[in-house]
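Overview (structure and organization)
Letter by letter, the chains look like this.
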Amino acid sequence: MGIVLALILILIIYTGVRCLIMKNQYVIYRKEDRLARIHLNRPEKRNALTLEMINEIIGFFKQAQSDDQVRAIIISGEGSSFCSGLDVSSFKDLHQQSLESLVDYSKHHSELYMCKYSIDKPIICQVQGASVGLGFIFVLISHVVVASENAFFSIPELNLGLAPLGIITYLAPIIGI
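Just so it is clear, the structure is predicted and the values come from calculations on it, not from any experiment.

1. So, the pattern of salt bridges
Here the structure, examined in full by the defined rule, presents five salt bridges. In this structure, the salt-bridge partner of glutamate 32 is arginine 30, at a minimum N-O distance of 2.8 Å. Given a relative accessible area of 30%, arginine 30 falls into the partly exposed group. A salt bridge links glutamate 32 to arginine 37; the shortest N-O distance between them is 3.8 Å. As far as the burial class goes, glutamate 32 and arginine 37 line up, both buried. Each of Arg30, Glu32 and Arg37 takes part in one network of salt bridges that share partners.

Next comes the structure, spelled out in structure tokens:
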């Protein structure tokens with residue numbers, strides 16, 4: 001891995017490839033040559049998503065789509081897990097939230113999935129470890145998924161006897177239901 005990284009850095013330095021890095025607190029956007037990389041960077045929480053992170057990711061997808069130099073988008077995660085889903089601690093006071101904020105979350109969830117249809121560039125998902133719940137959405141919107149040997153995919157709502165309506169709605173056309 002270190003040799004590959006060193007070769008990429010040498011390529012960037014000696015070929016004059018432009019590299020743009022935009023780092024928010026938990027999501028990093030990096031444009032290298034013709035690739036846009038969206039990297040989840042919250043390993044201490046296994047890259048669990050907050051509403052702010054979802055908004056940042058959607059913005060980075062839109063930015064990559066509007067950049068004529070970008071030919072493909074790669075999404076990856078830092079640490080042992082790709083994405084452990086929604087950070088439920090950010091919704092611990094769910095019963096106290098207004099209906100508007102819950103509708104807002106639902107809209108962002110749908111907008112994230114709609115990236116599959118609004119972006120005409122290949123989306124590649126690199127998965128290591130867990131791709132769980134809302135993190136599974138990235139697998140669903142990708143054209144190509146590259147999974148490590150320790151990757152696993154899960155919809156935990158099923159273990160609780162709940163219907164994961166959002167994910168099932170998106171998964172059904174992919175598997176032909």
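2. A word on the packing of aromatic side chains
For the structure on display, the rule yields four aromatic pairs. When the ring of tyrosine 29 is compared with that of phenylalanine 60, the centres are 5.0 Å apart and the planes differ by 25°; the resulting orientation is stacked. Of this pair, tyrosine 29 sits in strand S2 (residues 27–32) while phenylalanine 60 sits in helix H2 (residues 51–66), and the two are 31 residues apart along the sequence. Taking 5.9 Å as the distance between ring centres and 70° as the angle between the ring planes, the aromatic pair formed by tyrosine 113 and tyrosine 117 counts as edge-to-face. Taken as a pair, tyrosine 113 and tyrosine 117 lie in helix H3 (residues 99–118) at a separation of four residues, close to a single helical turn. Look at tyrosine 113 and you get buried, because its relative accessible area is 3%. Residue class for tyrosine 117 comes out exposed when judged on its relative accessible area of 52%. Above the plane of the ring of tyrosine 26 lies arginine 42, whose end atom (NZ or CZ) is 5.0 Å from the centre.

The rules we used
- Every chain begins its residue count from 1, and numbering advances along the sequence as written.
- Predicted model: local features are reported for residues with pLDDT of at least 70 only, side-chain atom pairs are reported and counted for 80 or more only, and whole-chain, interface and lining totals are derived from all residues.
- Hydrogens and waters are ignored; side-chain quantities use all the structure's heavy atoms.
- What makes a salt bridge here is a side-chain nitrogen of Lys or Arg within 4 Å of a carboxyl oxygen of Asp or Glu, nothing more.
- A simple rule labels every residue: compare its accessible area, found with a 1.4 Å probe on the protein chains alone, to the largest value its type can have, and call it buried under 20%, exposed over 50%, or partly exposed in between.
- Stacked, tilted and edge-to-face pairs are distinguished by plane angle, under 30 degrees for stacked and over 60 for edge-to-face with tilted covering the rest, among Phe, Tyr and Trp rings (Trp via its six-membered ring) whose centres lie within 6.5 Å.
- Helix and strand labels come from DSSP, where a helix needs a run of H or I of at least four residues and a strand needs a run of E of at least two; each type is numbered from the N terminus.
- Think of it as a cone above the ring: NZ of Lys or CZ of Arg counts as a charge over the ring if it is within 6 Å of the ring centre and within 35 degrees of the ring normal.

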